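Here is how the chains run, residue by residue.
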Amino acid sequence: MNTIDTWVARHRERAATLPGAALPWLTGRRRDAIDSFAAAGWPTSRLEAWRHTSLAFLDQHPLAAPEDAPHPATTLAALRADFDDGGHWLVFVDGHFEPTLSVRPPLPAGVTISALSEALVRRPEAVEAAFGSAAGDDTAVVSSPYALNLALCSDGAFVHLAPGTALEQPLHLVFIGATGAADSHVRNLILAEANAEANIVEHHLGGGATLGTVVTRVQAAQDARISHIKLQQQDEQSIHLASIEAEQARGSHFATHSLSFGARLARNDIRTRFDGEGCETLFNGLYHVDGRRHVDHHTLIDHARPHGTSREHYRGLVDGNARGVFAGRIIVAQDAQRTDAVQRCDNLLLSKMAEADARPELEIYADDVKCAHGATVGQIDDNALFYLRTRGVDETHARQLLTYAFAAEVIERIAQDALRRHARATLLARLPGGALLEELL
């Protein structure tokens with residue numbers, strides 16, 4: 001039996017116990033999804049979208065649950081110590097909701113926050129409309145890992161914001177890997193109606209599951225404002241395959257920050273589509289990879305309507321024998337006049353064996369637009385290094401300062417103070433000499 005057959009058998013074994021197993025529409029979509037996955041198999045470098053990140057090795061090595069992982073309560077306590085924001089916390093362990101570890105303060109009228117498994121019981125119609133399918137549309141980032149997630153997702157978060165409601169404190173969605181699972185699959189649905197606002201934070205911690213797939217779907221109605229931050233800090237054995245999908249109505253604002261600091265292999269497919277005039281989006285990302293780790297960000301911003309504004313900034317720190325990949329695409333439709341789009345990816349190589357691939361793309365069919373894109377891959381600037389050394393800074397500390405300064409610009413775009421401080425501390429903990437830098441900042 002090959003690994004594809006193994007996954008098909010795993011779906012057959014779990015289907016009856018997955019949340020929503022009694023809902024015909026969901027069982028049908030799950031069945032279509034596993035069929036799609038079985039037909040496609042794991043993506044390889046022969047596919048253009050996976051040219052730099054083949055998953056063919058998953059066909060050759062069966063997954064095994066790790067032997068050791070910190071207790072989820074220990075991991076969670078360390079995370080909560082960094083925040084004092086009175087926020088809402090939904091905690092999932094190995095893909096399953098853990099109410100005893102979650103914190104759910106009273107919610108404003110019109111706001112619903114629950115596990116997806118709960119929403120499938122209480123609000124199945126709302127889940128059905130937003131759940132997604134294995135087929136996708138012509139511009140969607142659809143792949144076999146996405147289909148596998150749909151077929152096997154065991155839980156996730158369901159967030160609904162009624163018109164005009166605001167979630168004042170951040171919502172923390174915490175996904176912890178713990179001993180006992182070789183794979184984990186979660187799907188989050190965030191539905192923001194007109195003029196609603198929220199800050200959503202995804203934390204991916206630990207490494208209990210060797211393979212994890214995550215799909216987060218965001219629907220932002222007219223003039224809604226959603227800020228989404230993803231902090232991924234899994235161990236060096238984990239494989240993290242994730243998608244973030246947003247649909248934006250007229251005047252909505254969607255900001256997504258992707259901070260990738262862990263996993264043996266991490267792939268993030270991030271996209272948004274402007275379905276109304278005057279939409280705004282910010283794609284902001286930072287990745288730090290070392291050893292033999294690999295991280296890949298594939299993004300798509302679809303300017304389907306006029307007067308849209310998008311800003312995309314990604315930066316990578318690549319050390320050891322690691323590899324960082326960025327492929328970003330901005331599409332400006334024929335009717336999307338007065339589009340204003342900027343796309344940028346910069347990579348800093350910290351060793352001779354590090355490798356970075358950057359491919360920004362603009363696909364423009366309108367003639368009244370303001371668009372720009374660019375990418376760089378290089379090492380620390382000798383002139384900047386010389387400048388610091390002439391000011392009495394030794395070479396080691398000068399390199400550390402310049403490395404941090406390169407990354408700090410991404411972190412400073414995070415608007416929320418507590419989240420920005422946590423992201424800065426997480427980065428400093430990874431960088432050589434980070435403790436000293438923290439004293440100087």
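Thresholds, definitions, all that
- Residues numbered from 1 in each chain as written.
- Predicted model: local features only at pLDDT ≥ 70, side-chain atom pairs only at ≥ 80, totals over all residues.
- Heavy atoms only, no water.
- Helix = DSSP H or I, 4+ residues; strand = E, 2+ residues; numbered from the N terminus.
- Rg over C-alpha atoms; globule rule 2.2 N^0.38 Å.
- Buried < 20%, exposed > 50% of the residue type's maximum accessible area, 1.4 Å probe, protein only.
- Contact = heavy atoms within 4.5 Å.
- Areas by Shrake-Rupley, 256 points an atom, 1.4 Å probe, with all protein chains shown as cover.
- Lys, Arg positive; Asp, Glu negative; His and termini not counted.
- Charge placed at Lys NZ, Arg CZ, Asp CG, Glu CD.
- Expected span 1.5 Å × (residues − 1).
- pLDDT = per-residue confidence, 0-100.
- Pairing = 2+ DSSP bridges.
- Axes fitted to C-alpha atoms, helices over the stretch in contact; angles between N-to-C directions.
- Left-handed = near helix turned anticlockwise from the far one by under 90°.
- Nonpolar A, V, L, I, M, F, W, Y, C, P; charged D, E, K, R; others polar.
- Salt bridge = Lys/Arg side-chain N within 4 Å of Asp/Glu carboxyl O.
- Polar contact = N/O pair within 3.5 Å; in protein donor to acceptor, adjacent residues only side chain to side chain.
- Phe/Tyr/Trp six-rings, centres within 6.5 Å; stacked < 30°, edge-to-face > 60°.
- Lys NZ or Arg CZ within 6 Å of the ring centre and 35° of its normal.

### Some points on the overall build of the protein chain
Phase 1: A count of helices and strands for the protein chain gives ten helices and 19 strands.
Phase 2: Relative to the 2.2 N^0.38 estimate, which gives 22 Å for 441 residues, the radius of gyration of the protein chain is 21 Å and therefore close to what a compact globule would have.
Phase 3: With the C-alpha coordinates aligned to their principal axes, the bounding extent of the protein chain is approximately 70 × 55 × 50 Å.
Phase 4: Out of the 441 residues belonging to the protein chain, those deemed buried represent 57%.
Phase 5: Partitioning the contacts of the protein chain with sequence separation of at least 6, the portion at a separation of at least 24 is 82%.
Phase 6: By element, 49% of the accessible surface of the protein chain is carried by carbon and sulfur atoms, the whole surface being about 18100 Å².
Phase 7: Computing the positive centroid from 41 side-chain charges and the negative centroid from 56, the protein chain places the two 2 Å apart.

### Overview of helix H1 (residues 3–14)
For an α-helix the count is 3.6 residues per turn, leaving residues at separations of three or four pointing the same way.
Phase 1: Its twelve residues place the ends of H1 16 Å apart at the C-alpha level, agreeing with the 16 Å of an ideal helix rising 1.5 Å per residue.
Phase 2: Among the residues of H1, Thr3, Ile4, Trp7, Ala9, Arg10 and His11 are the ones counted as buried.
Phase 3: Looking at the buried side of H1, the elements it contacts are helix H2 (24–40), helix H6 (144–152), strand S6 (183–192) and strand S8 (211–220).

### A look at the confidence of the model for the protein chain
Phase 1: With 93% of its residues at a pLDDT of at least 70, the protein chain reaches an overall mean of 91.
Phase 2: The element-level mean pLDDT for the protein chain is lowest in helix H10 (residues 434–440), coming to 67, with strand S4 (residues 157–161) highest at 98.
Phase 3: Scored below 50 in pLDDT, residues 137–141 shows ten contacts in the model against residues more than four places distant or in partner chains.

### Things to note about the sheet that holds S6
Whether parallel or antiparallel, the strands of a sheet pair through hydrogen bonds between backbone atoms.
Phase 1: In space, the nine strands of this open sheet follow the order S3-S4-S6-S8-S10-S12-S14-S16-S18, with mixed pairing throughout. At either end of the open sheet lies a strand with only one pairing partner, and these are strand S3 (111–115) and strand S18 (355–364). Put simply, the sheet's adjacent strands are angled 5 degrees from each other on average, direction ignored.
Phase 2: Judged from the five bridges that link them, S3 and S4 form a sheet pairing that is antiparallel.

### Some details on the packing of H2 against H6
Phase 1: Contact pair H2 / H6: the axes reach a minimum separation of 8 Å and the direction vectors enclose 145 degrees. The way H2 lies across H6 gives a crossing that is left-handed. Between H2 and H6, the residues in contact are Arg29, Arg30, Ala33, Ile34, Ser36, Phe37 and Ala40 and Ser144, Ala147, Leu148, Leu150, Ala151 and Leu152, respectively.
Phase 2: Tallied by class, residues from the contact of H2 with H6 come to nine nonpolar, two polar and two charged.

### Let's talk about the pattern of salt bridges
Phase 1: Enumeration according to the criterion identifies 31 salt bridges in this entry.
Phase 2: The closest approach of N and O atoms between Asp357 and Arg323, which form a salt bridge, is 2.8 Å. Within this pair, whereas Asp357 is found in strand S18, its partner Arg323 is found in strand S16 (residues 323–332), the two being separated by 34 residues in sequence.
Phase 3: Between Arg389 and Glu395 there is a salt bridge, and its shortest N-O distance comes to 3.6 Å.

### Quick word on the environment of Leu173
Phase 1: On the secondary structure map, Leu173 appears in strand S5 (residues 171–177).
Phase 2: Since its relative accessible area comes to 1%, Leu173 is described here as buried.
Phase 3: Residues Leu173 and Trp7, spaced 166 residues apart in sequence, show a C-alpha to C-alpha distance of 27 Å.
Phase 4: When near neighbours in sequence (up to four residues on either side) are disregarded, Leu173 contacts Leu90, Ala157, Asn188, Ile200, Val201, Glu202 and His203.

### Notes on the sheet that holds strand S15 (residues 309–318)
Phase 1: Across the sheet, ten strands lie side by side as S2-S1-S5-S7-S9-S11-S13-S15-S17-S19; this open sheet has mixed pairing. Whereas interior strands pair on both sides, the edge strands pair on one side only; in this sheet they are strand S2 (96–97) and strand S19 (369–378).
Phase 2: Both strand S1 (residues 88–93) and S2 contribute to a ladder of two bridges, which runs antiparallel. Across the sheet, residue Phe92 finds its bridge partner in S2, namely Phe97.
Phase 3: Contacting S1, S5 and strand S7 (197–206), helix H3 (residues 72–80) crosses the sheet at an angle of about 150 degrees to S1.

### With respect to the pairing of S15
Phase 1: With eight of its ten residues buried, S15 lies for the most part within the structure.
Phase 2: Relative to S15, strand S13 (residues 280–289) runs parallel, the two being bridged by ten bridges. Residue pairing across strands places Thr281 opposite Ser310, the latter belonging to S15.
Phase 3: Note: S15 against strand S17 (residues 339–349), ten bridges, orientation parallel. Looking at the pairing, Thr309 lines up with Asp340 of S17.

### Some remarks on H6
Phase 1: Within H6, nine of the nine residues are buried, which leaves it mostly tucked inside the rest of the structure.
Phase 2: Of the positions making up H6, those classed as buried are Ser144, Pro145, Tyr146, Ala147, Leu148, Asn149, Leu150, Ala151 and Leu152.

### With respect to the side chain of His297
Phase 1: With respect to the helices and strands, the residue His297 is situated in strand S14 (residues 294–303).
Phase 2: With a relative accessible area of 0%, His297 lands in the buried category.
Phase 3: Side chain to side chain, His297 and Ser258 meet in a polar contact 2.9 Å long.
Phase 4: Residue contacts for His297: discarding those within four places in its chain leaves Ser258, Ser260, Asn268, Ile270, Tyr287, Tyr314, Val325, Phe326 and Ala327.

### Focus on the packing of aromatic side chains
Phase 1: One pass over the full model with this rule turns up seven aromatic pairs.
Phase 2: For the pair Trp7 and Trp42, a centre-to-centre distance of 6.3 Å together with 80 degrees between the ring planes defines the contact as edge-to-face. You can see Trp7 sitting in helix H1 and its partner Trp42 sitting in the loop between H2 and H3, a full 35 residues away along the chain.
Phase 3: Residue classification places Trp42 among the buried residues on the basis of a relative accessible area of 4%.
Phase 4: An aromatic cluster of three or more residues is present, and its members are Trp7, Phe37 and Trp42.
Phase 5: Sitting above the plane of the Trp7 ring, Arg10 keeps its charged end 4.4 Å from the centroid.
Phase 6: A cation over a ring is seen here: Arg267 above Trp50, with NZ or CZ 3.7 Å from the ring centre.

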